[in-house]
Amino acid sequence: MTTLHVRGEVDLTNREAFEMTIERMVDTRDDLSIDLSKLTFIDGAGLRTLARAAYRLDRQGRLLRLDKPSPHLRRLFALVGLERFAG
């Protein structure tokens with residue numbers, strides 16, 4: 001399993017780099033764990049990037065684990081259908 005550590009904010013200013021990093025990790029053919037313990041903010045585009053990664057990995061029979069989300073992130077994941085990936 002490949003692990004990506006995310007920290008700070010994911011928003012319009014760095015969304016493209018976040019998206020490219022996630023896509024590159026999805027393309028590795030490994031399962032993917034994303035450590036969110038140091039993530040302080042994520043906007044809708046960042047959530048959409050996570051949802052796309054979850055969809056792609058799920059279709060390939062691979063795992064996505066969204067590790068250590070804050071309680072606020074857990075609520076957002078529930079709203080957008082990502083709660084089953086939260087660890």
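The structure presented is a predicted model; accordingly, all values stated were derived computationally and were not measured. (Residues numbered from 1 in each chain as written. Predicted model: local features only at pLDDT ≥ 70, side-chain atom pairs only at ≥ 80, totals over all residues. Heavy atoms only, no water.)

Caption draft 1: Expanded view of the environment of Ile42. Looking at where Ile42 falls in the secondary structure, it is placed in strand β2 (residues 32–42). Placed 40 residues apart in sequence, Ile42 and Leu82 show a C-alpha to C-alpha distance of 14 Å. Residue contacts for Ile42: discarding those within four places in its chain leaves Val10, Phe18, Leu47, Leu50, Leu73 and Leu76. (Helix = DSSP H or I, 4+ residues; strand = E, 2+ residues; numbered from the N terminus. Contact = heavy atoms within 4.5 Å.)

Caption draft 2: Inspection of the side chain of Asp11 at higher detail. As for its position among the elements, Asp11 is in the loop between β1 (2–10) and α1 (15–26). Although buried, Asp11 forms no salt bridge, and the nearest oppositely charged side chain, Arg15, lies 8.6 Å from it. Polar side-chain contacts of Asp11 include one of 2.5 Å to the side chain of Thr13. (Buried < 20%, exposed > 50% of the residue type's maximum accessible area, 1.4 Å probe, protein only. Lys, Arg positive; Asp, Glu negative; His and termini not counted. Salt bridge = Lys/Arg side-chain N within 4 Å of Asp/Glu carboxyl O. Polar contact = N/O pair within 3.5 Å; in protein donor to acceptor, adjacent residues only side chain to side chain.)

Caption draft 3: Quick peek at the environment of Gly44. Within the secondary structure, Gly44 is located in helix α2 (residues 44–59). The spatial distance from the C-alpha of Gly44 to the C-alpha of Arg56 is 18 Å, given a sequence separation of 12 residues.

Caption draft 4: Looking closely at the environment of Arg74. Topologically, Arg74 is positioned in helix α3 (residues 71–80). On the basis of relative accessibility, which here comes to 39%, the residue Arg74 falls in the partly exposed class. Sequence separation of Arg74 and Arg84 is 10 residues, and the distance between their C-alpha atoms is 9.9 Å. Sequence-distant contacts of Arg74, defined by excluding residues within four places in its chain, comprise Pro69, Ala86 and Gly87. A distance of 2.8 Å separates the side chain of Arg74 from the backbone oxygen of Gly87, its partner in a polar contact.

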